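Architecture and fold: a report
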Amino acid sequence: MSVERVVLASNNAGKLRELAALLAPLQVTLVAQSDLGVGEADEPHPTFVENALAKARHASRLTGLPALADDSGICANALAGAPGVRSARYATLAGAAPRAVQDAANNARLVAELAAHADRSAYYCCVLVLMRAPDDPRPLIAEGLWHGEVIAQPRGGGGFGYDPHFLLADGRTAAELSAEEKNALSHRAIAMRALLASLRE
């Protein structure tokens, strides 16, 4: 990547931490949009890719910097892909609830809605969009999927969001992985590898 400073079109501290670690080998400084006075963009769209494009364009336009946007969530097969793009807001709480409170409510709703289903399979989806300028006619787009299943009882103290309930094939939850393991295996890591491959091309 020829740029050294990229704005992250998100105020999610967990995403910033993970994406900054994934970009570290390229010596790219990822700056949260909130540090530059940019608020959250609207995310009215039904797909991850449309929301990621809207967020990246918003951040790039307001900062003049290349922008990286991540739109991601968990999709339960028995729920026709829900929560999907509504993952961060699945349990609507009054007011601006702290992230940990919102995460707990989201997890409780997902577990409750899957209680009547034998199929607990789910996958995390991440769509990354890199816009080199607000009017970039060819934004780079990459997708990553991470498969597992949703368990009722949370395990592990790492990660964020649905990680304590996301069981992997090796018997651990995403929250029981080290940060290094998660950054090698996750939907975000898979999408970032695809994005970097596109950049090299």
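Please refer to the structure placed before this passage.
Remember, it's a predicted structure, so these values are computed and weren't measured experimentally. (Residues numbered from 1 in each chain as written. Predicted model: local features only at pLDDT ≥ 70, side-chain atom pairs only at ≥ 80, totals over all residues. Heavy atoms only, no water.)

What follows covers the pattern of salt bridges. Under the definition given, this model contains 13 salt bridges. With a shortest N-O distance of 2.4 Å, Lys182 and Asp163 are connected by a salt bridge. Within this pair, whereas Lys182 is found in helix α4 (residues 179-185), its partner Asp163 is found in the loop between β5 (140-150) and β6 (166-167), the two being separated by 19 residues in sequence. One network of salt bridges, in which partners are shared, links Lys15, Glu18, Asp70, Asp163, Lys182 and Arg188. (Salt bridge = Lys/Arg side-chain N within 4 Å of Asp/Glu carboxyl O. Helix = DSSP H or I, 4+ residues; strand = E, 2+ residues; numbered from the N terminus.)

This part covers the side chain of Glu18. Mapped onto the secondary structure, Glu18 falls in helix α1 (residues 13-23). Once residues lying within four places of it in the same chain are set aside, the contact partners of Glu18 are Phe160, Lys182, Asn183 and Arg188. (Contact = heavy atoms within 4.5 Å.)

Let us look at the nonpolar core. With 18 residues, the main nonpolar core has Leu19, Leu23, Leu30, Leu68, Leu128, Met192 and Leu195 as its most contacted residues. Those elements that provide at least two residues to this core are β1 (5-8), α1, β4 (121-131), β5 and α5 (187-200). The greatest single-element share of this core, amounting to five residues, is contributed by α5. Ignoring sequence-local partners within four residues, the contact set of Met192 consists of Leu19, Leu22, Leu23, Leu68 and Leu128. (Core = buried A, V, L, I, M, F, W, Y, C linked by side-chain atoms within 4.5 Å. Buried < 20%, exposed > 50% of the residue type's maximum accessible area, 1.4 Å probe, protein only.)

An order of β2-β1-β3-β4-β5-β6 is seen for the six strands of this open sheet, with the pairing classed as mixed. A strand with exactly one partner marks an edge of an open sheet, and here the two such strands are β2 (29-32) and β6. Two strands pair when backbone bridges link them, and strand β3 (residues 67-76) and β4 are joined in this way by 10 bridges, in the antiparallel orientation. Each bridged residue has a counterpart across the sheet, and for Ala69 the counterpart in β4 is Val129. Along the sheet, α5 contacts β3, β4 and β5; its crossing angle with β5, the most-contacted strand, is approximately 160°. (Pairing = 2+ DSSP bridges. Axes fitted to C-alpha atoms, helices over the stretch in contact; angles between N-to-C directions.)

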